[in-house]
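Coordinate analysis (summary)
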Amino acid sequence: MTSIRSDLYQRMVASLVQARKAAGITQAEVGRRVGQRQTFISKVELGERRLDAAEFVEFARAIGADPYALMQAAEGGPSKVNPGMTSA
């Protein structure tokens, strides 16, 4: 399960990408919001760079998505990938 290519991890990243695009936010804007360059975001989205749990939450919140809903969607749970949804 430590592989960057694990099925669950790939689905989690795909849910981030889907939510980012649905929110109309560019990779460059996400990078600015999390204090990284656009190339960092690109590498994450392409699977060349792995996010840890805290980075996943930060990325999700930067695009206005609920990180827990994204994880549920990746696991095949109730899909609430609404980019406007945030958790308290």
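Residues numbered from 1 in each chain as written. Predicted model: local features only at pLDDT ≥ 70, side-chain atom pairs only at ≥ 80, totals over all residues. Heavy atoms only, no water.

By secondary structure assignment, the location of Leu-70 is in helix 5 (residues 67-75). The class of Leu-70 is buried, set by a relative accessible area of 0%. Sequence separation between Leu-70 and Ala-60 is ten residues; the distance between their C-alpha atoms is 8.0 Å. (Helix = DSSP H or I, 4+ residues; strand = E, 2+ residues; numbered from the N terminus. Buried < 20%, exposed > 50% of the residue type's maximum accessible area, 1.4 Å probe, protein only.)

Below, the discussion takes up the side chain of Ser-6. In this structure, Ser-6 sits in the segment before helix 1 (7-23). A distance of 3.2 Å separates a polar side-chain atom of Ser-6 from the backbone nitrogen of Tyr-9. (Polar contact = N/O pair within 3.5 Å; in protein donor to acceptor, adjacent residues only side chain to side chain.)

Attention now moves to the pattern of salt bridges. In this structure the tally under the stated criterion is four salt bridges. Of the charged contacts in the structure, one is a salt bridge between Arg-49 and Glu-55, with a shortest N-O distance of 3.0 Å. Within the structure, one salt-bridge network assembled from shared partners comprises Glu-29, Arg-32 and Arg-33. (Salt bridge = Lys/Arg side-chain N within 4 Å of Asp/Glu carboxyl O.)

Our focus in this paragraph is helix 3 (residues 38-46). Buried residues of helix 3: Phe-40, Ile-41, Ser-42, Val-44 and Glu-45, and no others. Looking at the buried side of helix 3, the elements it contacts are helix 1, helix 2 (27-34) and helix 4 (53-62). Backbone geometry just after helix 3 places Gly-47 at a positive phi near 85°. (Contact = heavy atoms within 4.5 Å.)

Turning to the nonpolar core, a few remarks are in order. Counting residues in each nonpolar core, the largest one holds 21 residues, and the members touching the most others are Leu-16, Leu-51, Phe-59, Ile-63 and Leu-70. Taken together, the elements giving at least two residues each to this core come down to helix 1, helix 2, helix 3, helix 4 and helix 5. The dominant element in this core, judged by the number of residues it contributes, is helix 1, at six residues. Every residue in contact with Phe-59, bar those within four places of it in the chain, is listed here: Leu-16, Val-30, Val-34, Ile-41, Val-44, Glu-45 and Leu-51. (Core = buried A, V, L, I, M, F, W, Y, C linked by side-chain atoms within 4.5 Å.)

The next subject is the confidence of the model for the protein chain. The pLDDT averaged across the protein chain works out to 87; a share of 81% of its residues lies at or above 70. Looking at the elements of the protein chain, mean pLDDT is at its lowest for helix 5, recorded as 93, and at its highest for helix 2, recorded as 98. (pLDDT = per-residue confidence, 0-100.)

Next up on the list: the side chain of Arg-20. Mapped onto the elements of the fold, Arg-20 is located in helix 1. The class for Arg-20 is buried, based on a relative accessible area of 8%. Excluding its chain neighbours within four sequence positions, the residues that come into contact with Arg-20 are Ile-25, Thr-26, Gln-27, Val-30, Glu-45 and Ile-63.

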